[in-house]
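A closer look at the structure
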Amino acid sequence: MRGPLGPVIGKYPSSSDGNGGMGNGSNDIIKHNRKCRDVVFLVIFIAFWVAMIVNSSFGFNQGNPSRLIYGLDYKGNVCGDRHADPDLRELELRYWLNPNQVYQTGVKGSKFQLSNARSICLMDCPIPSEDGLNWVCDYPEGDIHISVDDWIDRNYDYFADLTPELRNTSLQLQGPCYPVIFPSVNVYWTCQFIARASNVSLTHWQQMGGVKVIEDIAIDKSIHKAINSRSSVLKRYVADVGKSWPVLLVCGGFLPLFLSIIWLLIRHFVTGMPWVTVILFNMLIISVTMFYYLKAGWIGNDAISPIIGEHDPYYHVSARELNHLHAAAVFMTVLMIVAFLSSIAVVRRILMATSVLKASYLHDIRKIALASNIQEVAYLIVSKRLSCNSCCGYSIQYTSHIAAAILFHLFGGYWATQFIIACSSTVIAGSVASYYWARGKHRLGSIALGSLVVSFVESIRFILEALRRKLKLVNSMPQSWIGKVIYQTSQCCLKCIGCIIRSVNRNAYIMIAITGKGFFKASEIATELIMSNILRIGKVNVIGDVILFLGKLCVSLTSALFAFLMLDTHRYKSAHNKISSPLFPVLVCWVFGYIVATLFFGVVEMSIDTIILSFCQDSDEHQGTAQYAPPLLIETLNDQNETQRLTQ
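Scoring rules and cut-offs
Residues numbered from 1 in each chain as written. Predicted model: local features only at pLDDT ≥ 70, side-chain atom pairs only at ≥ 80, totals over all residues. Heavy atoms only, no water. UniProt positions renumbered as here; feature names shortened; annotations may be inferred. Axes fitted to C-alpha atoms, helices over the stretch in contact; angles between N-to-C directions. Helix = DSSP H or I, 4+ residues; strand = E, 2+ residues; numbered from the N terminus. Parallel < 35°, antiparallel > 145°, perpendicular 65-115°, else oblique. Contact = heavy atoms within 4.5 Å. Nonpolar A, V, L, I, M, F, W, Y, C, P; charged D, E, K, R; others polar. Disulfide = S-S within 2.5 Å. Buried < 20%, exposed > 50% of the residue type's maximum accessible area, 1.4 Å probe, protein only. Pairing = 2+ DSSP bridges. 1 Å grid on protein atoms, 1.4 Å probe; cavity = no way out; pocket = protein on both sides within 12 Å on 5 of 7 lines; lining within 4 Å. Points joined across faces, edges and corners; volume = space filled by probe spheres on them. Expected span 1.5 Å × (residues − 1). Bend = angle between axes of the 7 residues up to and from the residue. Phe/Tyr/Trp six-rings, centres within 6.5 Å; stacked < 30°, edge-to-face > 60°. Polar contact = N/O pair within 3.5 Å; in protein donor to acceptor, adjacent residues only side chain to side chain. Left-handed = near helix turned anticlockwise from the far one by under 90°. Patch = residues over 30% accessible without salt bridge, like charges linked within 9 Å, V, L, I, M, F, W, Y side chains within 5 Å. Areas by Shrake-Rupley, 256 points an atom, 1.4 Å probe, with all protein chains shown as cover. Salt bridge = Lys/Arg side-chain N within 4 Å of Asp/Glu carboxyl O.

If you check an unreviewed UniProt entry, the protein chain appears there as Choline transporter-like protein from Sesamum calycinum. According to UniProt, the comment filed for the protein chain under the heading Function (unreviewed entry) is "Choline transporter." As its UniProt record puts it under Sequence similarities (unreviewed entry), the protein chain is described as follows: "Belongs to the CTL (choline transporter-like) family."

Structure representation (structure tokens):
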């Protein structure tokens, strides 16, 4: 048995206090001469944030978010860039001039890459002529004495003004003008060739003495492969988040904030709230699943399309985003079934433990200040000129420090999140402890240390998981059953350690608020206190935690549902604001909604845990009888009363 905490629980209420409450001596229960602890880790945390700000400044100064959406022409200019030479402010679509070069990039075994093929930026995707041959000429430069505006007005065609020599090079597909043989359609701001050559245009081309234009499905597949590459899809997902920032602001910020406040208000109706939470949760998860079905094309005719603007209805272009929505719809279906079955078990538990839940919410807490901070992570993309003898293009290359900068920001962001949660948890615990005991202070150094421990363990687990995937790709995983068992056991143990550390941290913050001890000492006290009162704590936490978790899911699912509704408007289905898929914006709103709900519901969770730990501490210090607990709490948590209740 742990001994008394000295000045922490060193004095008792004075019977001579005329107010009938705590006398002067009681102020020393949790208030004593404290000092700053774990200051080194607070300094490290501040230094880490300074480094993140400096690193972000480079990204903001040198980065260009337009590269996530628009392609590069053969000069390395981003399509739509008004500062490019020439001015491309209205020319946002990337178009490959030479169809034979595009075909060559799709030939199996060819080392010629699509980024090397000559491409320019246009306003619209060219289509073949119905009675002749259309031309698309390069930017007007050198001997071509027309302005960019005239070039656009001529529909990018100045073939008639070329000298005989330049006309001959154009017929050899060497520029500056190129024939429009294949129709094309705007797919994510790139002109996707349709591998069906226009017979009329092809006949005119052959009559003019042009070189052979290869007709093959590889022309279609080559561009389609580039558009649907993993890196391109990821860029579009990130761009979707940027385009839908009003949705993120409303559904990821204001709406979950409002819903969390509403939920915390109706929580006083303890008897009916668990039922409302369970029913609402099932309705919301069904609604969100149906929206995934709708956007995946399994219900109705509102599936997402990669084609931007008006187009021939017979053109059909597949997209990786649609496959992702199919996978998300299947996942949500499984999740919906599991949630429904789990709800049945929760309902049975509610019927058995409503009285216990009631006691867990009777805390007189009125004013708790919460803070949140959103970190924006900037990225830096650098263009690098390709070096080869037969190329004339640019591609985006990631420098070696990009990966390190991203990991640095991810770790710092996760540490900052844990720090904010730890601060709010400790503030709440201190406020509730002042209600139970007296007033005390917490230490930011200990909070920084606790949040660092969680971030460090989670980072190790993430790194090991990444290594596991790489080893799996190269078939280096242990083949023997012993090796597999050892590996899976290590992964399971690491996850368990992470869960235990998060649980210990939470209770350590409470003891920091009560005792003012350092992080490790507070963790030791909290662990010993929990182990000696495991039944008391579990009695309240089991059903209480389930209902609070369902409440968080209700808030986040409502945010996701409203995000679907906002993204389903015309604003995000056409022109520049068209998003490639609602998957990422909805997911971000879902995550933000859950984070906001977690911060707000943390008031209730920390209040429950602080009151219970204070009760257990009070009971241990006073030979099993709590001196400071409210009567109803004593009646609910007292072992003797519980025994009488069970035997009746």
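What follows deals with the packing of helix α14 (residues 519-532) against helix α16 (residues 583-621). Between α14 and α16, the shortest axis-to-axis distance is 10 Å and the interhelical angle comes to 80 degrees. The angle between α14 and α16 falls in the class roughly perpendicular. Between α14, through Leu529, Ile530 and Ser532, and α16, the contact on the second element is made entirely by Leu613, Cys616, Gln617 and Asp620. Of the residues assigned to the contact of α14 with α16, the class counts are four nonpolar, two polar and one charged.

Here the focus is the state of the cysteines. A disulfide bridge is the covalent bond that connects two cysteines by way of their sulfur atoms. The full count for this structure, using the stated rule, is three disulfides. Cys589 carries a free sulfur, and the closest cysteine sulfur to it, the one in Cys251, is 5.0 Å from it.

Before going further, it helps to spend a moment on the pairing of strand β2 (residues 119-122). Along β2, one buried face is formed by Ser119 and Cys121 and the opposite face, lined by Ile120 and Leu122, is buried too. The sheet contact formed by strand β1 (residues 93-96) and β2 spans four bridges and is antiparallel. Within β2, the position partnered with Arg94 by the bridge is Cys121.

Moving on to empty space enclosed by the protein. If you walk through the whole model with that rule in mind, you get two cavities of 30 Å³ or more. Forming the walls of the largest cavity are Leu68, Ile69, Tyr188, Trp189, Arg236, Ala239, Asp240, Lys243, Ile308, Lys578, Ile579 and Ser580. Looking at the lining of the largest cavity residue by residue, the classes come out as seven nonpolar, one polar and four charged.

Our focus in this paragraph is the UniProt feature "transmembrane region" (unreviewed entry) in the protein chain. When the UniProt feature table is mapped to this numbering, "transmembrane region" (unreviewed entry) covers residues 39-60, 245-266, 273-294, 325-347, 444-464, 546-567 and 579-604. Its end C-alpha atoms 32 Å apart, residues 39-60 is made of 100% helix and 0% strand. Taken as a whole, residues 245-266 contains 100% helix and 0% strand, while its terminal C-alpha atoms sit 30 Å from one another.

The next thing to look at is α16. The first and last C-alpha atoms of α16 sit 54 Å apart over 39 residues, in line with the 57 Å expected at 1.5 Å per residue. Most pronounced at Phe601, the bend in α16 amounts to some 40 degrees. Among the 39 residues of α16, 31 are classified as buried, and the element is accordingly described as predominantly covered.

On to the packing of aromatic side chains, then. Taken as a whole and judged by the stated rule, the model has 14 aromatic pairs. Arranged with centres 5.7 Å apart and planes meeting at 90 degrees, the rings of Tyr95 and Phe193 form a pair that is edge-to-face. Of this pair, Tyr95 sits in strand β1 while Phe193 sits in strand β6 (residues 190-193), and the two are 98 residues apart along the sequence. Residue Tyr95 shares its accessibility class with Phe193, and that shared class is buried. With centroids separated by 5.4 Å and ring planes inclined at 80 degrees, the aromatic side chains of Tyr293 and Trp298 adopt a geometry described as edge-to-face. Classification of Trp298 as partly exposed rests on a relative accessible area of 41%. A network of ring pairs unites the aromatic residues Tyr74, Tyr139, Trp151 and Tyr156 as a single cluster.

Quick look at the pairing of β6 now. Burial along β6 is two-sided: Thr190 and Gln192 facing one way and Cys191 and Phe193 facing the other are all buried. Taken together, the four bridges between strand β5 (residues 184-187) and β6 define a ladder with antiparallel strand orientation. Each residue of the ladder has a partner; that of Asn186, found in β6, is Cys191. Here β5 folds back onto β6 in antiparallel fashion, the turn holding two residues, of which Tyr188 has a positive phi close to 50 degrees.

Turning next to the side chain of Ser119. Structurally, the position occupied by Ser119 is in strand β2. A polar side-chain atom of Ser119 sits 3.2 Å from the main-chain carbonyl oxygen of Leu72. Each residue touching Ser119, except ones within four places of it in the same chain, is listed here: Leu72, Asp73, Tyr74, Arg94, Tyr95 and Trp96.

Direction vectors running N to C along helix α7 (residues 230-243) and α16 enclose 60 degrees, while the axes themselves pass 8 Å from each other. Considering the angle they form, α7 stands oblique to α16. Crossing geometry of α7 relative to α16 is assigned as right-handed. For the pair formed by α7 and α16, the contact residues are Tyr237, Asp240 and Val241 on the first element and Leu583, Phe584, Pro585 and Val588 on the second. Across the contact of α7 with α16, the residue classes break down as six nonpolar, no polar and one charged.

As for its position among the elements, Val233 is in helix α7. Judged by its relative accessible area of 2%, Val233 is buried. Each C-alpha atom, one on Val233 and one on Ser580, is 8.7 Å from the other, the two residues being 347 residues apart in sequence. Other than its neighbours up to four places away in sequence, Val233 contacts Ile227, Asn228, Arg320, Glu321 and His324.

A cluster of nonpolar side chains, Trp245, Leu249, Val250, Phe254, Leu257, Phe258, Ile261, Ile262, Leu265 and Ile266, forms an exposed patch at the surface whose accessible area comes to about 940 Å². Structurally, the position occupied by Phe258 is in helix α8 (residues 245-266). The exposure class assigned to Phe258 is exposed, which follows from its relative accessible area of 51%.

Side chains bearing opposite charge may pair, as long as their charged atoms lie close to each other. What the rule picks out here adds up to nine salt bridges. When the shortest N-O distance is used, the salt bridge between Arg89 and Asp87 registers 2.7 Å. Residue classification places Arg89 among the partly exposed positions, given a relative accessible area of 45%. Here Asp87 falls in the partly exposed class, since its relative accessible area comes to 33%. Asp161 is the partner of Arg154 in a salt bridge, and the nearest nitrogen-oxygen pair spans 2.3 Å. By sharing partners, the salt bridges in this structure join Lys295, Asp302, Asp568 and Lys573 into a single network.

Before going further, it helps to spend a moment on helix α6 (residues 218-227). Among the 10 residues that make up α6, seven are buried, leaving the element largely enclosed by the rest of the structure. Looking only at α6, the buried set comprises Ala218, Ile219, Asp220, Ser222, Ile223, His224 and Ile227. Next to the buried residues of α6 lie β1, α2 (99-106), β5, β6 and α7.

This part takes up the side chain of Asn282. Note that Asn282 resides in helix α9 (residues 273-295). At 2.9 Å, the side chain of Asn282 forms a polar contact with the side chain of Ser343. The residues touching Asn282, leaving out its near neighbours within four places in the chain, are Ala339, Phe340 and Ser343.

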